[in-house]
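# Reading the structure
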Amino acid sequence: RSLRLDVVSIFPEYLAPLDLSLIGKARRDGLIDLHVHDLRDFAHDRHRTVDDSPYGGGAGMVMKPGPWSEALGHVLAQGSPPAEDHQPRVPTLIIPGPGGEPFTQQIARELSEEPWLAFACGRYEGIDERVYEWAGERMPVRVLSLGDYVLNGGEVAVLAMVEAVARLLPGVIGNVESLVEESHEDGLLEYPVYTKPAEWDGRAVPDVLLGGNHRAIAAWRREQRIQRTAQRRPDLLPPTAATSALSGLEER
Ligand SMILES: OB(O)c1ccc2cc[nH]c2c1
C-alpha cells in the first residue's frame, strides 16, 4: 500500500527533513510518494504575492484565496485520470492551525489508512476563510492542531503529522512490535525503559526487569503505565481510575 502526500507551502525547503531517515527510506522504497509545491508558483503577479492586508483591519497579513485555489486545484488534478473505479480520486486535505481539532494518535491511525493526503501550510495570520469553503466543496477537509500553542506557520505541524502517520504504514518501521507498546497506543503513557549498565551513577535497574519472569515484567510495566499516566496525564484516564491510581501512589 503506498501513500501519496502533497504539501503546499511558501517555504517548501522546510519539508526537506522528510527526505531523511525513515521517511526518506519509505520514499525510496516507494511506500510514500511525496510532492511539495511552492504556493508562490500559483501567484502570477510580478511579485508572486500570496498575502494582503486583512479586511476589517487588525495586525499582520492574510493569505490570499486565489493562489490557494490554484495550488489546490493543481493538487486535485494529480488525481486524474480517475482510478480504475472511475471515481476521480481526491485527497483528504489537512490544514494545520491552532484553532483546529486536536491531532491525536487515533487521528494518525485514521489518516494512515488513507491513500492520499494533502497538507496546506498557512503562514501570516492565516488563510482567507473562503479557501476552507472552496476546498470543502471539492474534498474532505480537516483542520488539525498539534496543541494549545501557536507556531508561525503550518510547516512544523505538517512535519510532525507526516512522521506520526508515515511510521504507521506497513514496512516503514522495521520493528512493528515497537508500534504496539508505545505512548497513546492504548490510551496510556509508555513505561520507563532501561538498558546496560545494571547500575549507573549509583542507580539500579528495577529488579523485576533483571529476572526472567515475563509475566511479572508485563505486570510491572502495566502498573508503571497506569501510574505514569495518572501522574502526568490524568485527563487520559477515566476519572475513577485516575483517582484510585493516584491514591495508590499517596499510600506509598
Ligand atoms: O500552530 B499552528 O499549527 C499554526 C498553523 C498554521 C499557521 C499559520 C499562521 N500561524 C499558524 C500556526
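Residues numbered from 1 in each chain as written. Predicted model: local features only at pLDDT ≥ 70, side-chain atom pairs only at ≥ 80, totals over all residues. Heavy atoms only, no water.

## Here we look at the packing of helix 2 (residues 65-77) against helix 4 (residues 129-136)
It is at 9 Å that the axes of helix 2 and helix 4 come closest, and there the two elements cross at 25°. Classified by the interaxial angle, the pair formed by helix 2 and helix 4 is roughly parallel. Along this stretch, helix 2 crosses helix 4, giving a crossing that reads as right-handed. Of helix 4, the residues touching helix 2 (which contributes Pro65, Trp68, Ser69, Leu72, Gly73 and Leu76) are Arg130, Val131, Trp134 and Ala135. Taken together, the residues of the contact of helix 2 with helix 4 break down into 7 nonpolar, 2 polar and 1 charged. (Axes fitted to C-alpha atoms, helices over the stretch in contact; angles between N-to-C directions. Helix = DSSP H or I, 4+ residues; strand = E, 2+ residues; numbered from the N terminus. Parallel < 35°, antiparallel > 145°, perpendicular 65-115°, else oblique. Left-handed = near helix turned anticlockwise from the far one by under 90°. Contact = heavy atoms within 4.5 Å. Nonpolar A, V, L, I, M, F, W, Y, C, P; charged D, E, K, R; others polar.)

## Considerations on the site of the ligand
Residues in contact with the ligand amount to 13 residues; listed here are only the nearest, Pro96, Gly122, Tyr124, Leu151 and Gly154. Within the backbone of Leu151, a nitrogen or oxygen atom sits 3.0 Å from an oxygen atom of the ligand. When isolated, the ligand has an accessible area of 310 Å², and the protein chains bury 92% of it. Ranked by residue count, the leading element in the shell around the ligand is strand 5 (residues 92-102), at 3 residues. Along the lines of polarity and charge, the residues of the shell around the ligand split into 7 nonpolar, 5 polar and 1 charged. (Near = heavy atom within 4 Å. Polar contact = N/O pair within 3.5 Å; in protein donor to acceptor, adjacent residues only side chain to side chain. Areas by Shrake-Rupley, 256 points an atom, 1.4 Å probe, with all protein chains shown as cover.)

## Some details on the pairing of strand 2 (residues 32-38)
The pairing of strand 1 (residues 3-9) with strand 2 spans 7 bridges and is parallel. Among the inter-strand pairings, Leu3 is bridged to a residue of strand 2, identified as Ile32. (Pairing = 2+ DSSP bridges.)

## Section: the environment of Glu114
Positionally, Glu114 belongs in the loop between helix 3 (105-112) and strand 6 (116-120). Sequence spacing of Glu114 and Arg222 is 108 residues, and the spatial spacing of their C-alpha atoms is 32 Å. Beyond its immediate stretch of four places on either side in the chain, Glu114 contacts Leu3 and Thr92.

## Some thoughts on a nonpolar patch on the surface
Taken together, Phe11, Tyr14, Tyr149, Leu151 and Val156 make up a surface patch of nonpolar side chains, about 410 Å² in accessible area. For Phe11, the location among the structural elements is in the loop between strand 1 and helix 1 (21-28). (Patch = residues over 30% accessible without salt bridge, like charges linked within 9 Å, V, L, I, M, F, W, Y side chains within 5 Å. Salt bridge = Lys/Arg side-chain N within 4 Å of Asp/Glu carboxyl O.)

## Thoughts on the nonpolar core
One finds Leu5, Ile32, Phe103, Leu111 and Phe119 to be the most contacted residues of the largest nonpolar core, which totals 32 residues. Every element with two or more residues in this core is listed here: strand 1, helix 1, strand 2, helix 3, strand 6 and helix 5 (155-166). Sort the elements by how many residues they give to this core and helix 5 lands first, with 8 residues. Formed by 21 residues, the second largest nonpolar core is a distinct cluster that contains Val8, Ala71, Leu93 and Ile95. (Core = buried A, V, L, I, M, F, W, Y, C linked by side-chain atoms within 4.5 Å. Buried < 20%, exposed > 50% of the residue type's maximum accessible area, 1.4 Å probe, protein only.)

## Looking at the confidence of the model for the protein
Chain-level statistics for the protein give a pLDDT mean of 92 and a share of 94% at 70 or above. The ipTM value of the predicted complex is 0.91, and its pTM value is 0.91. (pLDDT = per-residue confidence, 0-100.)

## Digging into helix 3
Within the span of helix 3, buried status applies to Gln105, Ile107, Ala108, Leu111 and Ser112. Looking straight down helix 3, one finds that the buried residues subtend no more than 155° of arc, so they occupy a single side. The inward-facing, buried residues of helix 3 abut strand 5, strand 6, strand 7 (141-145) and helix 5. (Arc of directions from axis to C-beta.)

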